[in-house]
Amino acid sequence: MQEENKSKCRFCNGNSFLTQRGIMSVYLFPCKISLSLIVLGIVLGLFFVKYWLTLSVIGFFIPLANADLRLYIYPFVAVAKLFGKKINCPKCTGSGRIFK
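To start, this report covers the structure provided alongside it. (Residues numbered from 1 in each chain as written. Predicted model: local features only at pLDDT ≥ 70, side-chain atom pairs only at ≥ 80, totals over all residues. Heavy atoms only, no water.)

Comments concerning the pattern of salt bridges
For clarity, the threshold we go by: Salt bridge, as used here: a side-chain nitrogen of Lys or Arg that lies within 4 Å of a carboxyl oxygen of Asp or Glu. Relative accessible area decides the class of each residue, using a 1.4 Å probe on protein chains only: under 20% of the type maximum gives buried, over 50% gives exposed, and in between gives partly exposed.
The tally for this structure, following the rule as stated, stands at 1 salt bridge. Here Asp 68 makes a salt bridge to Arg 70, at a shortest N to O gap of 2.9 Å. Given a relative accessible area of 19%, Asp 68 falls into the buried group.

Next up, the structure:
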């Protein structure tokens with residue numbers, strides 16, 4: 001029983017297709033610093049001086065500098081999942097394709 005739980009992927013629970021929670025874990029949450037800078041810059045820019053929006057710009061360019069485009073792919077993948085597309089788990093599926 002424990003071996004079965006260990007073999008399950010934490011993103012897809014062993015079925016090789018991502019859920020919304022798995023999509024957020026794979027595409028959104030690895031970029032925590034960038035995501036927090038974007039949100040912080042927007043909030044501070046709305047309530048204080050507009051120059052705080054530069055934090056959002058910095059948060060936008062950090063994934064580009066690291067060549068990590070998962071943050072930019074997230075909206076497309078999440079909307080496709082809502083419309084019924086099956087999203088492949090990157091850990092379980094070695095093909096490198098996003099959609100089934």
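With respect to the packing of helix α3 (residues 32-47) against helix α4 (residues 53-65)
Heads up, the rule is: Only the contacting stretch of a helix is used when fitting its axis, a line to C-alpha atoms as for every element, and angles between N-to-C directions run 0 to 180 degrees. Secondary structure elements are defined from DSSP: runs of H or I of at least 4 residues count as helices, runs of E of at least 2 residues count as strands, and each element is numbered from the N terminus. Should an angle fall under 35 degrees it is called roughly parallel, over 145 degrees roughly antiparallel, and 65 to 115 degrees roughly perpendicular, with every other angle called oblique. For a crossing to be left-handed, the near helix must be turned anticlockwise from the far one by less than a right angle; the clockwise case is right-handed. Two residues form a contact once any of their heavy atoms are found within 4.5 Å. Each residue gets one of three labels, nonpolar for Ala, Val, Leu, Ile, Met, Phe, Trp, Tyr, Cys and Pro, charged for Asp, Glu, Lys and Arg, and polar for the others, Gly among them.
Close contact between α3 and α4 brings their axes to 6 Å; oriented N to C, the two are set at 160°. In terms of their interaxial angle, α3 and α4 are classed as roughly antiparallel. Crossing hand, α3 versus α4: left-handed. In this structure, α3 contributes Ser 34, Leu 37, Ile 38, Leu 40, Gly 41, Ile 42, Leu 44 and Gly 45 to the contact, and α4 contributes Leu 53, Leu 55, Ser 56, Ile 58, Gly 59, Phe 60, Ile 62 and Pro 63. Tallied by class, the residues present in the contact of α3 with α4 amount to 11 nonpolar, 5 polar and no charged.

Overview of the nonpolar core
What counts is decided by this rule: The criterion is simple. A nonpolar core is a set of buried Ala, Val, Leu, Ile, Met, Phe, Trp, Tyr and Cys residues joined through side-chain atoms within 4.5 Å.
In terms of nonpolar packing, the biggest core is built from 15 residues, with Phe 11, Leu 18, Ile 23, Tyr 27, Tyr 74 and Cys 89 touching the most fellow members. Among the elements of the structure, α2 (20-28) and α5 (70-82) are those that each provide at least two residues to this core. Excluding anything up to four places from it in sequence, Cys 89 contacts Cys 9, Phe 11, Cys 12, Ser 16 and Leu 18.

Some remarks on the packing of aromatic side chains
The condition that has to hold: Pairing of aromatic side chains here covers Phe, Tyr and the six-membered ring of Trp, requires ring centres within 6.5 Å, and sorts the geometry by plane angle: under 30 degrees stacked, over 60 edge-to-face, intermediate tilted. Whether a charge lies above a ring is judged from NZ of Lys or CZ of Arg, which has to be within 6 Å of the ring centre and within 35 degrees of the ring normal.
On inspection of all chains with the given rule, the structure shows 2 aromatic pairs. Ring geometry for Phe 60 against Phe 61: centres 5.5 Å apart, planes inclined by 75°, an arrangement best described as edge-to-face. One aromatic cluster is present, built from ring pairs that chain together Phe 60, Phe 61 and Tyr 72. Over the face of the ring belonging to Phe 17 we find Lys 86, whose NZ or CZ atom lies 5.2 Å from the ring centre.

Observations regarding unusual backbone geometry
Phi is positive for Ser 16, close to 65°, though the residue is something other than glycine. Counting through the fold element by element, Ser 16 comes out in the loop between α1 (2-7) and α2. Taking relative accessible area as the criterion, Ser 16 reaches 25% and is therefore assigned partly exposed. Positive phi, normally seen in glycine, also occurs at Ala 67, with a value near 55°. With respect to the helices and strands, the residue Ala 67 is situated in the loop between α4 and α5. A relative accessible area of 65% means that Ala 67 is categorised as exposed.

So, the environment of Pro 63
When you line up the elements, Pro 63 lands in helix α4. Along the primary structure Pro 63 and Pro 30 are separated by 33 residues, whereas in three dimensions their C-alpha atoms are 10 Å apart. Residues within four places of Pro 63 in sequence aside, it is in contact with Ser 34, Asp 68, Leu 71 and Tyr 72.

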